[in-house]
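The chain contents come next:
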Amino acid sequence: MSEIKVAALQLAFSDDVQENIAAVSELVREAAGKGAKLILPPELFEGHYFCRTQDEGHFTRALPADRHPAVAAMRKLAAELEVYIPTSFFEADGHHHYNSLAMVDDKGEVMGVYRKSHIPDGPGYSEKFYFRPGNTGFKTFQTPYGKVGPAVCWDQWYPETARALMLDGAEILLFPTAIGTEPHDPDLDTSRMWRRAMIGHAVSNVVPVVAANRIGTEHGQRFYGHSFICDERGDMLAEFGAPETGVLTATLDLKQARAHRAAFGFFRDRRPELYGRLAEDI
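If you're wondering where the values come from, they're calculated on a predicted model, not measured in any experiment.

Draft legend 1. Geometry of the pairing of strand β3 (residues 85-93). For β3, a buried count of eight out of nine residues is recorded, marking the element as mostly surrounded by other parts of the structure. Pairing of β3 with strand β4 (residues 96-104) involves nine bridges; the strand directions are antiparallel. Paired with P86 across the two strands is M103, which belongs to β4.

Draft legend 2. View of the packing of aromatic side chains. A complete count under the given rule lists 17 aromatic pairs for this structure. Connected via pairs of aromatic rings, a cluster forms that spans F50, F59, F90, F129, Y130 and F131.

Draft legend 3. Representation of the sheet that holds strand β1 (residues 3-10) in the model. Taken in spatial order, the three strands of this open sheet run β2-β1-β16, and their pairing is mixed. Edge positions in the sheet fall to β2 (38-40) and β16 (246-253), since each has one partner strand and no second. Taking the axes of each pair of neighbouring strands and ignoring which way they run, one obtains an average angle of 20 degrees across the sheet. Pairing between β1 and β2: three bridges, direction parallel. Its bridge partner lying in β2, A8 is registered against L40. Each of β1 and β16 touches helix α5 (residues 254-264); the most contacted strand, β16, lies at about 60 degrees to it.

Quick notes on the rules
Residues numbered from 1 in each chain as written. Predicted model: local features only at pLDDT ≥ 70, side-chain atom pairs only at ≥ 80, totals over all residues. Heavy atoms only, no water. Buried < 20%, exposed > 50% of the residue type's maximum accessible area, 1.4 Å probe, protein only. Helix = DSSP H or I, 4+ residues; strand = E, 2+ residues; numbered from the N terminus. Pairing = 2+ DSSP bridges. Phe/Tyr/Trp six-rings, centres within 6.5 Å; stacked < 30°, edge-to-face > 60°. Axes fitted to C-alpha atoms, helices over the stretch in contact; angles between N-to-C directions. Contact = heavy atoms within 4.5 Å.

Here it is in structure tokens:
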């Protein structure tokens, strides 16, 4: 298959897990009804974005993939609707905690778990208190439509993330996020930079990008949405602003993208022998 219809979900969340699962499930059904086969919810949709403060009580939210209610719900829904759902969740693995993504296939099985690699630490985004850096490496997942490469939120700022996923064969990049206002600087609006970074990944890797973000205000922190789907040339196929709740869909032609990627020659002309500095600690 050369074409696939993809979807990105955008919505606000309460701090009630079951309520959020129901809201996401409703939009997943809507996306499937529109023909989407790959449906991306936002990051950590199980509740409010709790990393704005350091509170040990939040560790009780973390569960293994096989016991997490958000993963279980998306597995059941994916099997029913025969769709793929990259599912972000707060993972407990023994005494370790990760910001993770379970890749759920169209039979409701977990193809694998990706653990967020880059962990931010700053005002309103104190994730290092909660999450270890991921130990899975960057992972891609083969579907009947093409290979997909998910990376979670802060990972999306790094060109190395996108390139690593591409070198593993990714044909669509997926970025579930939870990002909004900056408590230390009310005048700083990162939404434009956030988009431009991912559009840059699309252009420099000649690959479509799907990004899903939450909206709404949680404890004074406003999440700015602006979810989007762009093609391999960075052109917008579907996009939301800050207030919309709903489903974005677009049809991607992966055969066409492959031809464009080959024609640009970015991978033909790479010089990895010159890039040793990229892997050095400073």
